[in-house]
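Chain and residue survey
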Amino acid sequence: MKLPEALLRSLEGLPGYDHDAFVQVHESGAQVTSIRLNPAKSQAPGVLFQDLRSKISDLRSEILDPASRIPWSRYGYYLPERPSFTFDPLFHAGAYYVQEASSMFVEQALAQHADLSARLRVLDLCAAPGGKSTHLQSLLAPGSLLVSNEVIKARAGILSENLTKWGAGNSIVTSNDPAHFAKLEGFFDVIVVDAPCSGSGLFRRDPDAIAEWSPANVQLCQGRQQRILADVWPALKEGGLLVYSTCSYSAEEDEVILDWLTTTFQVVPLQLQCPDAGIVEVRSPEGAWGYRFYPDKIRGEGFFLAAFRKLDVAAAPRYKPKGADLLSAKETAPLEKWMDTEGLKFVRHGSRVLALPEDRVSDFSILQSALYIQQAGTAVGEPIRDKLVPDHALAMSPRVGGAVPRVELSYPDAIRFLQRQDFHIDTERGWQLVTFAGAPLGWINALPNRINNYYPREWRIRAQGPSGGTQT
Ligand SMILES: C[S@@+](CC[C@H](N)C(=O)[O-])C[C@H]1O[C@@H](n2cnc3c(N)ncnc32)[C@H](O)[C@@H]1O
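In short, a report on the structure. What you see is a predicted model; the values in this text were computed from it and never measured.

Turning next to the overall build of the protein chain. Helix and strand counts for the protein chain stand at 13 helices and 21 strands. Against the compact-globule benchmark of 23 Å for 472 residues, the protein chain has a radius of gyration of 23 Å, which places it among compact chains. For the C-alpha atoms alone, the extent of the protein chain along its principal axes is close to 70 × 55 × 35 Å. Relative to its full complement of 472 residues, the protein chain shows a buried share of 57%. Residue pairs in contact within the protein chain that sit at least 24 positions apart in sequence constitute 72% of those at least 6 positions apart. Put simply, the protein chain shows about 19300 Å² of open surface, and 50% of that area lies on carbon and sulfur atoms.

Next up on the list: the environment of Gln421. Examined against the element boundaries, Gln421 turns out to sit in the loop between helix 13 (411-418) and strand 19 (430-436). Classification of Gln421 as partly exposed rests on a relative accessible area of 29%. For the pair Gln421 and Tyr455, spaced 34 residues apart in the sequence, the C-alpha separation amounts to 9.5 Å. Once residues lying within four places of it in the same chain are set aside, the contact partners of Gln421 are Arg416, Asn453 and Gln464.

Taking strand neighbours across the sheet as the criterion, the three strands line up as 2-1-3 in an open arrangement whose pairing is antiparallel. The sheet terminates laterally at strand 2 (76-79) and strand 3 (96-98), the two strands that pair on one side only. The sheet shows a mean angle of 30° between the axes of neighbouring strands, taken without regard to direction. Bridge analysis of strand 1 (residues 33-37) against strand 2 gives four bridges, and the strand direction is antiparallel. Paired with Arg36 across the strands is Gly76, a residue of strand 2. Packing of helix 6 (residues 131-139) onto the sheet brings it into contact with strand 1 and strand 3, and relative to strand 1 it is tilted by some 40°.

Right, let's talk about the side chain of Lys310 for a bit. Among the secondary structure elements, Lys310 is positioned in strand 12 (residues 303-310). Reaching out from Lys310, the side chain makes a polar contact with the backbone oxygen of Leu236 at a distance of 2.7 Å. Not counting the four nearest positions on each side in its chain, Lys310 is found in contact with Trp233, Pro234, Leu236, Lys237, Glu238, Gly239, Gly240 and Gln266.

The next point concerns helix 13. With six of eight residues buried, helix 13 is to be regarded as a mostly interior element. Listing the buried residues of helix 13 in full gives Tyr411, Asp413, Ala414, Ile415, Phe417 and Leu418. Buried positions along helix 13 lie against helix 4 (89-92), strand 19, strand 20 (439-446) and strand 21 (451-453).

All right, on to the pattern of salt bridges then. Counted according to the given criterion, the structure contains 17 salt bridges. Here Glu150 makes a salt bridge to Arg155, at a shortest N to O gap of 4.0 Å. On the accessibility criterion, Arg155 (38% relative accessible area) is partly exposed. Note that Asp391 is salt-bridged to Arg352, the shortest N-O span being 2.7 Å. Taken together, the residues span a long stretch of sequence, with Asp391 in the loop between strand 17 (387-390) and helix 12 (392-396) and Arg352 in strand 14 (residues 352-357) at a distance of 39 residues. In this structure, a network of salt bridges that share partners links the residues Arg121, Arg360 and Asp363.

By the definition in use, this model includes zero disulfides. Free of any disulfide, Cys126 has its nearest neighbouring cysteine sulfur in Cys197, separated by 10 Å. Between Cys197, a free cysteine, and Cys247, which holds the nearest cysteine sulfur, the sulfur-to-sulfur gap is 3.4 Å. Take Cys197: its relative accessible area is 19%, and that puts it in the buried class.

The sheet built from four strands is open, its strands ordered 13-14-16-17 with antiparallel pairing. Because the sheet does not close on itself, it has two edges, and the strands there are strand 13 (344-349) and strand 17. This sheet shows a mean twist of 35° between the axes of neighbouring strands, independent of strand direction. Pairing of strand 13 with strand 14, which is carried by six bridges, proceeds in the antiparallel orientation. Bridged to Val347 within strand 14 is Leu354. Relative to strand 13, helix 11 (residues 361-370) is tilted by about 30°, and along the sheet it contacts strand 13 and strand 14.

Taken as a whole, this structure holds 20 aromatic pairs when the rule is applied. Here Trp260 and Phe265 contribute two aromatic rings whose centre-to-centre distance is 5.7 Å and whose plane-to-plane angle is 90°, an arrangement assigned as edge-to-face. Assessed through its relative accessible area of 14%, Phe265 is described here as buried. Relative to Tyr455, the ring of Phe417 lies with its centre 5.5 Å away and its plane at 70°, an arrangement referred to as edge-to-face. In this pair, Phe417 sits in helix 13 while Tyr455 sits in the segment after strand 21, placing the two residues 38 residues apart along the sequence. Accessibility classification places Phe417 together with Tyr455 in one group, the buried group. Chaining the aromatic ring pairs together yields one cluster made of Trp72, Phe105, Tyr291, Phe293 and Phe303. We note Arg121 situated over the ring of Phe187; from NZ or CZ to the ring centre the distance is 3.8 Å.

For the rest of this paragraph, the subject is the nonpolar core. Among the nonpolar cores identified, the biggest contains 60 residues, and Phe181, Leu184, Phe188, Ile191, Val193, Leu242 and Leu367 are the most heavily contacted of them. With near-sequence residues (within four places) excluded, Leu184 lies in contact with Pro234, Ala235, Tyr319, Ile366, Leu367, Ala370 and Leu371. Grouped together as the second largest cluster of nonpolar side chains are 35 residues, Ala109, Leu241, Leu305 and Ala307 included.

What counts and how
- Residues numbered from 1 in each chain as written.
- Predicted model: local features only at pLDDT ≥ 70, side-chain atom pairs only at ≥ 80, totals over all residues.
- Heavy atoms only, no water.
- Helix = DSSP H or I, 4+ residues; strand = E, 2+ residues; numbered from the N terminus.
- Rg over C-alpha atoms; globule rule 2.2 N^0.38 Å.
- Buried < 20%, exposed > 50% of the residue type's maximum accessible area, 1.4 Å probe, protein only.
- Contact = heavy atoms within 4.5 Å.
- Areas by Shrake-Rupley, 256 points an atom, 1.4 Å probe, with all protein chains shown as cover.
- Pairing = 2+ DSSP bridges.
- Axes fitted to C-alpha atoms, helices over the stretch in contact; angles between N-to-C directions.
- Polar contact = N/O pair within 3.5 Å; in protein donor to acceptor, adjacent residues only side chain to side chain.
- Salt bridge = Lys/Arg side-chain N within 4 Å of Asp/Glu carboxyl O.
- Disulfide = S-S within 2.5 Å.
- Phe/Tyr/Trp six-rings, centres within 6.5 Å; stacked < 30°, edge-to-face > 60°.
- Lys NZ or Arg CZ within 6 Å of the ring centre and 35° of its normal.
- Core = buried A, V, L, I, M, F, W, Y, C linked by side-chain atoms within 4.5 Å.

Take a look at the structure:
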(Lines give C-alpha, C1' and ligand atoms only; values in the text may rest on other atoms or scores of the structure.)
Protein backbone atom coordinates (compact mmCIF):
# COMPACT_ATOMS: atom_id res chain seq x y z
CA MET A 1 0.00 0.00 0.00
CA LYS A 2 1.49 3.32 -1.08
CA LEU A 3 0.17 6.26 0.94
CA PRO A 4 0.19 9.64 -0.86
CA GLU A 5 3.43 11.52 -0.16
CA ALA A 6 1.53 14.81 0.03
CA LEU A 7 -0.68 13.36 2.77
CA LEU A 8 2.28 12.08 4.79
CA ARG A 9 4.04 15.44 4.47
CA SER A 10 0.92 17.30 5.60
CA LEU A 11 0.64 15.16 8.73
CA GLU A 12 4.19 15.88 9.93
CA GLY A 13 4.07 17.73 13.23
CA LEU A 14 0.41 16.96 13.98
CA PRO A 15 -0.19 15.78 17.56
CA GLY A 16 0.15 12.01 17.86
CA TYR A 17 1.44 11.51 14.31
CA ASP A 18 4.31 9.01 14.20
CA HIS A 19 5.41 8.61 10.58
CA ASP A 20 7.08 5.19 10.85
CA ALA A 21 4.35 3.55 12.95
CA PHE A 22 1.66 5.08 10.72
CA VAL A 23 3.22 3.81 7.49
CA GLN A 24 3.96 0.43 9.03
CA VAL A 25 0.39 -0.15 10.25
CA HIS A 26 -0.91 0.63 6.75
CA GLU A 27 1.62 -1.66 5.11
CA SER A 28 0.93 -4.52 7.53
CA GLY A 29 -2.50 -5.08 5.97
CA ALA A 30 -3.84 -5.98 9.43
CA GLN A 31 -7.63 -5.57 9.65
CA VAL A 32 -9.85 -4.90 12.65
CA THR A 33 -13.43 -6.21 12.69
CA SER A 34 -15.93 -4.89 15.17
CA ILE A 35 -19.66 -4.96 15.82
CA ARG A 36 -22.08 -3.08 18.04
CA LEU A 37 -24.92 -4.98 19.69
CA ASN A 38 -28.51 -3.80 19.56
CA PRO A 39 -29.62 -3.57 23.21
CA ALA A 40 -33.28 -3.60 22.10
CA LYS A 41 -32.79 -7.04 20.59
CA SER A 42 -30.13 -8.74 22.68
CA GLN A 43 -30.52 -8.03 26.38
CA ALA A 44 -27.06 -9.34 27.10
CA PRO A 45 -24.24 -10.21 24.75
CA GLY A 46 -24.11 -13.60 26.44
CA VAL A 47 -27.64 -14.41 25.34
CA LEU A 48 -27.04 -13.42 21.75
CA PHE A 49 -23.71 -15.06 21.32
CA GLN A 50 -24.52 -18.25 23.20
CA ASP A 51 -27.22 -18.73 20.61
CA LEU A 52 -24.97 -17.75 17.78
CA ARG A 53 -22.23 -20.03 18.94
CA SER A 54 -24.45 -23.02 19.02
CA LYS A 55 -25.73 -22.32 15.51
CA ILE A 56 -22.88 -20.77 13.58
CA SER A 57 -19.27 -21.71 13.72
CA ASP A 58 -18.01 -18.37 12.41
CA LEU A 59 -18.27 -16.30 15.57
CA ARG A 60 -15.99 -17.72 18.21
CA SER A 61 -16.24 -17.87 21.95
CA GLU A 62 -13.57 -15.16 22.25
CA ILE A 63 -16.38 -12.66 21.77
CA LEU A 64 -17.18 -12.88 25.46
CA ASP A 65 -13.59 -12.21 26.46
CA PRO A 66 -13.40 -8.79 28.22
CA ALA A 67 -10.45 -7.97 25.94
CA SER A 68 -12.89 -8.03 23.04
CA ARG A 69 -14.84 -5.03 24.38
CA ILE A 70 -14.31 -1.66 22.72
CA PRO A 71 -13.29 0.65 25.61
CA TRP A 72 -15.32 3.65 24.42
CA SER A 73 -18.64 1.95 23.70
CA ARG A 74 -21.01 0.01 25.97
CA TYR A 75 -22.19 -2.12 23.10
CA GLY A 76 -19.04 -2.44 20.96
CA TYR A 77 -17.00 -5.64 20.53
CA TYR A 78 -13.98 -6.64 18.49
CA LEU A 79 -14.24 -9.93 16.63
CA PRO A 80 -11.23 -12.21 16.25
CA GLU A 81 -11.82 -12.40 12.50
CA ARG A 82 -14.34 -11.32 9.90
CA PRO A 83 -17.13 -13.90 9.68
CA SER A 84 -19.61 -14.15 6.83
CA PHE A 85 -22.13 -11.62 8.13
CA THR A 86 -24.29 -12.11 5.05
CA PHE A 87 -24.98 -15.68 6.11
CA ASP A 88 -25.75 -14.86 9.72
CA PRO A 89 -29.55 -14.53 10.17
CA LEU A 90 -29.06 -12.45 13.32
CA PHE A 91 -27.28 -9.79 11.25
CA HIS A 92 -30.45 -9.46 9.13
CA ALA A 93 -32.57 -9.49 12.29
CA GLY A 94 -30.81 -6.30 13.43
CA ALA A 95 -29.28 -7.94 16.50
CA TYR A 96 -26.00 -6.12 15.80
CA TYR A 97 -24.43 -3.64 13.37
CA VAL A 98 -21.02 -4.13 11.78
CA GLN A 99 -19.20 -0.87 12.50
CA GLU A 100 -15.69 0.48 12.52
CA ALA A 101 -14.58 0.74 16.16
CA SER A 102 -13.16 4.30 16.33
CA SER A 103 -16.39 5.86 15.11
CA MET A 104 -18.21 4.45 18.16
CA PHE A 105 -16.45 7.21 20.13
CA VAL A 106 -19.48 9.38 19.32
CA GLU A 107 -21.04 7.66 22.35
CA GLN A 108 -18.63 9.48 24.69
CA ALA A 109 -19.68 12.91 23.42
CA LEU A 110 -23.31 12.16 24.23
CA ALA A 111 -22.68 10.26 27.45
CA GLN A 112 -20.49 13.08 28.78
CA HIS A 113 -22.29 16.16 27.47
CA ALA A 114 -25.98 15.37 26.86
CA ASP A 115 -28.60 14.36 29.41
CA LEU A 116 -29.36 10.88 28.14
CA SER A 117 -32.09 10.40 30.74
CA ALA A 118 -34.08 13.26 29.13
CA ARG A 119 -36.32 12.99 26.08
CA LEU A 120 -34.14 14.60 23.43
CA ARG A 121 -34.58 15.63 19.82
CA VAL A 122 -31.47 14.50 17.99
CA LEU A 123 -30.46 15.09 14.36
CA ASP A 124 -27.91 12.92 12.58
CA LEU A 125 -27.40 15.13 9.54
CA CYS A 126 -25.11 13.02 7.32
CA ALA A 127 -26.46 9.65 8.29
CA ALA A 128 -26.16 6.96 5.57
CA PRO A 129 -25.59 4.07 5.89
CA GLY A 130 -26.64 4.44 9.51
CA GLY A 131 -23.70 3.50 11.78
CA LYS A 132 -24.01 6.60 13.98
CA SER A 133 -27.82 6.66 13.74
CA THR A 134 -28.30 3.09 14.99
CA HIS A 135 -25.77 3.85 17.72
CA LEU A 136 -27.50 7.10 18.77
CA GLN A 137 -30.83 5.30 18.78
CA SER A 138 -29.49 2.80 21.33
CA LEU A 139 -28.25 5.59 23.60
CA LEU A 140 -31.41 7.70 23.69
CA ALA A 141 -34.06 7.49 26.41
CA PRO A 142 -37.51 6.19 25.42
CA GLY A 143 -39.63 9.05 24.11
CA SER A 144 -36.65 10.72 22.40
CA LEU A 145 -36.75 11.52 18.71
CA LEU A 146 -33.99 10.72 16.24
CA VAL A 147 -34.05 12.37 12.83
CA SER A 148 -31.64 10.64 10.46
CA ASN A 149 -30.99 12.59 7.30
CA GLU A 150 -29.17 11.66 4.12
CA VAL A 151 -29.10 14.18 1.30
CA ILE A 152 -28.15 11.69 -1.41
CA LYS A 153 -31.41 9.95 -2.29
CA ALA A 154 -29.69 6.78 -3.52
CA ARG A 155 -28.07 6.37 -0.09
CA ALA A 156 -31.20 7.17 1.93
CA GLY A 157 -32.57 3.69 1.10
CA ILE A 158 -29.81 1.81 2.91
CA LEU A 159 -30.23 4.19 5.86
CA SER A 160 -33.94 3.32 6.08
CA GLU A 161 -33.14 -0.37 5.75
CA ASN A 162 -30.64 -0.30 8.60
CA LEU A 163 -32.92 1.71 10.91
CA THR A 164 -35.84 -0.59 10.12
CA LYS A 165 -33.76 -3.66 10.97
CA TRP A 166 -32.66 -1.90 14.15
CA GLY A 167 -36.35 -1.65 15.12
CA ALA A 168 -35.99 2.08 15.69
CA GLY A 169 -39.62 3.15 16.23
CA ASN A 170 -38.68 6.65 17.41
CA SER A 171 -36.73 7.59 14.31
CA ILE A 172 -37.64 9.59 11.23
CA VAL A 173 -35.60 9.29 8.05
CA THR A 174 -35.42 12.38 5.87
CA SER A 175 -33.61 13.11 2.63
CA ASN A 176 -32.88 16.82 2.57
CA ASP A 177 -30.14 19.30 1.91
CA PRO A 178 -28.67 20.67 5.18
CA ALA A 179 -30.01 24.13 4.20
CA HIS A 180 -33.60 22.84 4.50
CA PHE A 181 -33.08 22.44 8.27
CA ALA A 182 -32.61 26.18 8.69
CA LYS A 183 -36.39 26.60 9.02
CA LEU A 184 -36.37 24.43 12.14
CA GLU A 185 -34.81 27.09 14.35
CA GLY A 186 -33.74 25.83 17.73
CA PHE A 187 -35.53 22.50 17.21
CA PHE A 188 -32.78 20.01 18.12
CA ASP A 189 -31.05 19.34 21.45
CA VAL A 190 -28.21 17.50 19.73
CA ILE A 191 -26.89 17.63 16.16
CA VAL A 192 -24.32 15.15 14.90
CA VAL A 193 -22.44 16.11 11.73
CA ASP A 194 -20.41 13.12 10.59
CA ALA A 195 -19.21 15.08 7.61
CA PRO A 196 -18.37 13.87 4.11
CA CYS A 197 -14.58 14.07 3.97
CA SER A 198 -11.46 13.09 2.02
CA GLY A 199 -11.53 9.70 3.77
CA SER A 200 -7.82 9.15 4.55
CA GLY A 201 -8.79 7.49 7.85
CA LEU A 202 -10.16 4.50 5.97
CA PHE A 203 -7.19 3.84 3.67
CA ARG A 204 -6.07 0.77 5.61
CA ARG A 205 -9.49 -0.83 5.09
CA ASP A 206 -10.08 0.43 1.58
CA PRO A 207 -6.76 0.94 -0.27
CA ASP A 208 -8.63 1.66 -3.53
CA ALA A 209 -9.75 4.99 -2.03
CA ILE A 210 -6.11 6.19 -2.02
CA ALA A 211 -6.32 6.94 -5.75
CA GLU A 212 -9.08 9.48 -5.09
CA TRP A 213 -7.16 11.44 -2.47
CA SER A 214 -5.61 14.78 -3.39
CA PRO A 215 -4.79 18.04 -1.58
CA ALA A 216 -7.35 19.74 -3.86
CA ASN A 217 -10.04 17.33 -2.67
CA VAL A 218 -9.15 18.06 0.97
CA GLN A 219 -9.77 21.77 0.23
CA LEU A 220 -13.04 20.97 -1.51
CA CYS A 221 -14.17 18.90 1.48
CA GLN A 222 -13.25 21.70 3.88
CA GLY A 223 -15.49 24.16 2.00
CA ARG A 224 -18.34 21.64 2.00
CA GLN A 225 -17.92 20.96 5.72
CA GLN A 226 -18.18 24.67 6.50
CA ARG A 227 -21.27 25.02 4.34
CA ILE A 228 -22.96 22.05 6.00
CA LEU A 229 -22.23 23.34 9.50
CA ALA A 230 -23.34 26.88 8.70
CA ASP A 231 -26.55 25.61 7.09
CA VAL A 232 -27.61 23.41 9.99
CA TRP A 233 -26.46 25.72 12.80
CA PRO A 234 -29.81 27.55 13.24
CA ALA A 235 -31.59 24.23 13.92
CA LEU A 236 -29.58 23.64 17.12
CA LYS A 237 -31.13 25.11 20.22
CA GLU A 238 -29.32 27.42 22.58
CA GLY A 239 -27.36 25.23 25.01
CA GLY A 240 -27.56 22.33 22.52
CA LEU A 241 -24.73 19.94 21.73
CA LEU A 242 -22.96 19.82 18.35
CA VAL A 243 -20.82 16.77 17.58
CA TYR A 244 -18.55 17.09 14.55
CA SER A 245 -16.57 14.16 13.16
CA THR A 246 -14.64 13.05 10.10
CA CYS A 247 -12.64 10.03 9.00
CA SER A 248 -9.86 12.28 7.70
CA TYR A 249 -6.43 12.91 9.24
CA SER A 250 -6.07 16.28 7.51
CA ALA A 251 -5.98 19.27 9.87
CA GLU A 252 -7.83 21.28 7.18
CA GLU A 253 -10.93 19.12 7.81
CA ASP A 254 -10.36 18.76 11.55
CA GLU A 255 -8.63 21.41 13.69
CA VAL A 256 -9.07 24.15 11.06
CA ILE A 257 -12.83 23.48 11.01
CA LEU A 258 -12.92 23.63 14.81
CA ASP A 259 -11.24 27.03 14.73
CA TRP A 260 -13.58 28.26 12.03
CA LEU A 261 -16.56 27.13 14.17
CA THR A 262 -15.12 28.74 17.29
CA THR A 263 -14.60 32.09 15.58
CA THR A 264 -17.79 32.08 13.48
CA PHE A 265 -20.37 31.05 16.09
CA GLN A 266 -20.75 31.47 19.82
CA VAL A 267 -19.70 28.12 21.23
CA VAL A 268 -18.08 26.50 24.23
CA PRO A 269 -15.61 23.82 23.14
CA LEU A 270 -16.09 20.65 25.20
CA GLN A 271 -13.41 18.39 26.58
CA LEU A 272 -13.96 14.61 26.74
CA GLN A 273 -12.55 12.06 29.15
CA CYS A 274 -10.84 9.37 27.07
CA PRO A 275 -11.30 5.76 28.15
CA ASP A 276 -8.21 4.68 26.17
CA ALA A 277 -4.72 6.12 26.42
CA GLY A 278 -4.19 5.69 22.67
CA ILE A 279 -6.74 8.39 21.79
CA VAL A 280 -4.88 11.65 21.12
CA GLU A 281 -6.40 14.79 22.61
CA VAL A 282 -5.61 17.95 20.66
CA ARG A 283 -6.21 21.63 21.33
CA SER A 284 -6.67 23.80 18.26
CA PRO A 285 -5.08 27.28 18.12
CA GLU A 286 -8.44 28.85 19.13
CA GLY A 287 -8.74 26.47 22.11
CA ALA A 288 -11.17 23.85 20.80
CA TRP A 289 -10.72 20.26 21.93
CA GLY A 290 -10.48 17.48 19.36
CA TYR A 291 -9.82 13.73 19.50
CA ARG A 292 -7.61 11.99 16.96
CA PHE A 293 -7.64 8.24 16.34
CA TYR A 294 -4.62 6.68 14.59
CA PRO A 295 -4.63 2.96 13.71
CA ASP A 296 -1.10 2.57 15.10
CA LYS A 297 -2.31 3.80 18.54
CA ILE A 298 -5.75 2.24 18.99
CA ARG A 299 -7.61 -0.79 17.58
CA GLY A 300 -9.61 0.98 14.91
CA GLU A 301 -9.30 3.20 11.84
CA GLY A 302 -8.53 6.90 11.48
CA PHE A 303 -11.17 9.15 13.00
CA PHE A 304 -11.57 12.65 14.42
CA LEU A 305 -14.27 14.01 16.74
CA ALA A 306 -15.03 17.24 18.57
CA ALA A 307 -17.97 18.54 20.60
CA PHE A 308 -19.32 22.05 21.27
CA ARG A 309 -22.10 23.64 23.26
CA LYS A 310 -24.05 26.34 21.40
CA LEU A 311 -24.33 29.71 23.08
CA ASP A 312 -26.04 31.74 20.34
CA VAL A 313 -29.68 32.44 20.97
CA ALA A 314 -31.76 30.62 18.38
CA ALA A 315 -34.25 32.75 16.41
CA ALA A 316 -37.99 32.19 16.80
CA PRO A 317 -39.21 29.10 14.97
CA ARG A 318 -40.65 29.69 11.49
CA TYR A 319 -42.33 26.34 11.01
CA LYS A 320 -46.05 25.67 10.67
CA PRO A 321 -47.04 22.10 11.55
CA LYS A 322 -49.06 20.17 8.95
CA GLY A 323 -51.86 18.18 10.59
CA ALA A 324 -51.27 14.41 10.81
CA ASP A 325 -54.04 12.03 9.67
CA LEU A 326 -54.60 10.10 12.91
CA LEU A 327 -56.49 6.80 13.16
CA SER A 328 -59.56 6.80 15.42
CA ALA A 329 -59.72 4.59 18.53
CA LYS A 330 -62.03 2.22 16.59
CA GLU A 331 -59.53 1.95 13.74
CA THR A 332 -56.67 1.40 16.19
CA ALA A 333 -58.33 -1.42 18.16
CA PRO A 334 -57.60 -4.20 15.58
CA LEU A 335 -53.90 -3.30 15.70
CA GLU A 336 -53.66 -4.37 19.33
CA LYS A 337 -53.34 -8.00 18.40
CA TRP A 338 -50.33 -7.13 16.24
CA MET A 339 -48.28 -4.93 18.53
CA ASP A 340 -47.92 -3.35 21.94
CA THR A 341 -49.79 -0.10 21.26
CA GLU A 342 -49.17 1.52 24.66
CA GLY A 343 -48.01 5.11 24.27
CA LEU A 344 -48.32 5.03 20.46
CA LYS A 345 -50.47 6.97 18.01
CA PHE A 346 -51.26 5.74 14.52
CA VAL A 347 -51.02 7.94 11.46
CA ARG A 348 -52.13 7.25 7.86
CA HIS A 349 -49.27 7.93 5.45
CA GLY A 350 -50.19 6.99 1.87
CA SER A 351 -51.69 3.49 1.98
CA ARG A 352 -49.77 2.54 5.11
CA VAL A 353 -50.30 3.06 8.79
CA LEU A 354 -47.36 4.31 10.85
CA ALA A 355 -46.96 3.97 14.61
CA LEU A 356 -45.39 6.99 16.30
CA PRO A 357 -44.65 7.66 19.96
CA GLU A 358 -47.70 9.74 21.02
CA ASP A 359 -45.65 12.69 22.22
CA ARG A 360 -43.82 12.83 18.88
CA VAL A 361 -46.83 13.20 16.58
CA SER A 362 -46.56 17.00 16.74
CA ASP A 363 -42.84 16.78 15.88
CA PHE A 364 -43.76 14.58 12.93
CA SER A 365 -46.23 17.27 11.79
CA ILE A 366 -43.57 19.97 12.10
CA LEU A 367 -40.97 17.94 10.22
CA GLN A 368 -43.48 17.08 7.51
CA SER A 369 -43.97 20.79 6.85
CA ALA A 370 -40.23 21.43 6.37
CA LEU A 371 -38.65 18.23 5.07
CA TYR A 372 -39.02 15.26 2.75
CA ILE A 373 -39.91 12.36 5.04
CA GLN A 374 -38.81 9.02 3.69
CA GLN A 375 -39.82 6.91 6.69
CA ALA A 376 -41.24 7.62 10.15
CA GLY A 377 -41.78 5.56 13.27
CA THR A 378 -42.74 1.93 12.67
CA ALA A 379 -44.64 1.08 9.48
CA VAL A 380 -47.32 -1.24 10.84
CA GLY A 381 -48.84 -2.33 7.53
CA GLU A 382 -51.64 -1.75 5.06
CA PRO A 383 -55.19 -2.13 6.33
CA ILE A 384 -57.31 -3.90 3.71
CA ARG A 385 -60.99 -3.98 4.77
CA ASP A 386 -60.89 -5.39 8.32
CA LYS A 387 -57.50 -7.11 7.81
CA LEU A 388 -53.92 -5.92 8.01
CA VAL A 389 -51.11 -6.84 5.64
CA PRO A 390 -48.26 -6.46 8.13
CA ASP A 391 -45.17 -4.49 7.16
CA HIS A 392 -41.66 -5.88 7.47
CA ALA A 393 -40.88 -2.99 9.86
CA LEU A 394 -43.45 -4.40 12.29
CA ALA A 395 -41.60 -7.73 12.30
CA MET A 396 -38.37 -5.88 13.09
CA SER A 397 -39.91 -3.82 15.88
CA PRO A 398 -39.34 -4.82 19.51
CA ARG A 399 -43.03 -3.81 19.93
CA VAL A 400 -44.37 -6.64 17.74
CA GLY A 401 -47.05 -8.44 19.76
CA GLY A 402 -46.10 -11.39 21.96
CA ALA A 403 -49.30 -13.18 20.90
CA VAL A 404 -48.51 -12.99 17.16
CA PRO A 405 -47.94 -16.60 15.98
CA ARG A 406 -44.26 -17.39 15.58
CA VAL A 407 -42.37 -20.21 14.00
CA GLU A 408 -38.70 -20.90 14.67
CA LEU A 409 -36.69 -21.80 11.56
CA SER A 410 -33.71 -24.09 11.21
CA TYR A 411 -30.54 -22.41 9.96
CA PRO A 412 -30.96 -23.65 6.33
CA ASP A 413 -34.61 -22.52 6.29
CA ALA A 414 -33.67 -19.14 7.76
CA ILE A 415 -31.20 -18.62 4.90
CA ARG A 416 -33.79 -19.73 2.34
CA PHE A 417 -36.26 -17.28 3.86
CA LEU A 418 -33.70 -14.45 3.67
CA GLN A 419 -32.92 -15.39 0.04
CA ARG A 420 -36.67 -15.16 -0.57
CA GLN A 421 -36.74 -18.73 -1.81
CA ASP A 422 -39.59 -21.19 -1.30
CA PHE A 423 -39.33 -23.51 1.67
CA HIS A 424 -41.63 -25.97 3.40
CA ILE A 425 -42.45 -26.20 7.06
CA ASP A 426 -45.45 -27.59 8.91
CA THR A 427 -47.22 -24.68 10.46
CA GLU A 428 -50.63 -23.18 11.20
CA ARG A 429 -52.27 -21.15 8.45
CA GLY A 430 -52.13 -17.37 8.25
CA TRP A 431 -49.57 -14.72 9.08
CA GLN A 432 -46.61 -15.96 11.11
CA LEU A 433 -43.49 -14.28 12.33
CA VAL A 434 -40.51 -16.45 11.43
CA THR A 435 -37.63 -16.39 13.90
CA PHE A 436 -34.08 -17.65 14.17
CA ALA A 437 -32.54 -18.09 17.63
CA GLY A 438 -35.70 -16.34 18.84
CA ALA A 439 -35.05 -13.19 16.78
CA PRO A 440 -37.81 -12.24 14.27
CA LEU A 441 -36.65 -12.29 10.62
CA GLY A 442 -39.90 -11.33 8.87
CA TRP A 443 -43.33 -12.56 7.80
CA ILE A 444 -44.70 -15.56 6.02
CA ASN A 445 -48.34 -16.17 5.11
CA ALA A 446 -49.07 -19.89 5.24
CA LEU A 447 -51.77 -20.89 2.74
CA PRO A 448 -53.29 -24.39 2.45
CA ASN A 449 -50.92 -25.45 -0.33
CA ARG A 450 -47.90 -23.14 -0.02
CA ILE A 451 -46.05 -20.63 2.08
CA ASN A 452 -45.76 -17.06 0.81
CA ASN A 453 -42.46 -15.46 1.72
CA TYR A 454 -42.82 -11.73 2.54
CA TYR A 455 -39.15 -10.91 3.05
CA PRO A 456 -38.55 -7.55 1.23
CA ARG A 457 -37.35 -8.42 -2.28
CA GLU A 458 -34.79 -5.61 -2.38
CA TRP A 459 -33.15 -6.75 0.87
CA ARG A 460 -32.88 -10.45 0.07
CA ILE A 461 -29.53 -12.24 0.23
CA ARG A 462 -28.47 -12.51 -3.38
CA ALA A 463 -25.30 -14.53 -2.85
CA GLN A 464 -25.37 -18.29 -2.67
CA GLY A 465 -23.96 -19.64 0.57
CA PRO A 466 -20.63 -21.45 0.61
CA SER A 467 -22.68 -24.63 0.17
CA GLY A 468 -25.49 -23.35 -2.01
CA GLY A 469 -27.22 -21.31 0.67
CA THR A 470 -27.30 -24.11 3.19
CA GLN A 471 -24.30 -23.22 5.31
CA THR A 472 -24.64 -24.72 8.76
C1 LIG B 1 -19.05 9.96 6.59
S2 LIG B 1 -20.50 9.63 5.70
C3 LIG B 1 -21.67 9.31 6.97
C4 LIG B 1 -21.55 7.99 7.66
C5 LIG B 1 -22.66 7.76 8.65
N6 LIG B 1 -22.75 8.88 9.59
C7 LIG B 1 -22.46 6.48 9.43
O8 LIG B 1 -22.00 6.52 10.57
O9 LIG B 1 -22.83 5.42 8.89
C10 LIG B 1 -20.99 11.21 5.15
C11 LIG B 1 -22.37 11.26 4.49
O12 LIG B 1 -22.60 12.63 4.09
C13 LIG B 1 -23.32 12.61 2.87
N14 LIG B 1 -23.10 13.88 2.14
C15 LIG B 1 -22.41 14.09 1.01
N16 LIG B 1 -22.47 15.39 0.64
C17 LIG B 1 -23.22 16.01 1.54
C18 LIG B 1 -23.67 17.35 1.71
N19 LIG B 1 -23.33 18.29 0.84
N20 LIG B 1 -24.46 17.62 2.76
C21 LIG B 1 -24.80 16.68 3.65
N22 LIG B 1 -24.39 15.39 3.55
C23 LIG B 1 -23.63 15.06 2.52
C24 LIG B 1 -22.77 11.41 2.15
O25 LIG B 1 -23.70 10.94 1.21
C26 LIG B 1 -22.53 10.41 3.27
O27 LIG B 1 -23.62 9.55 3.43
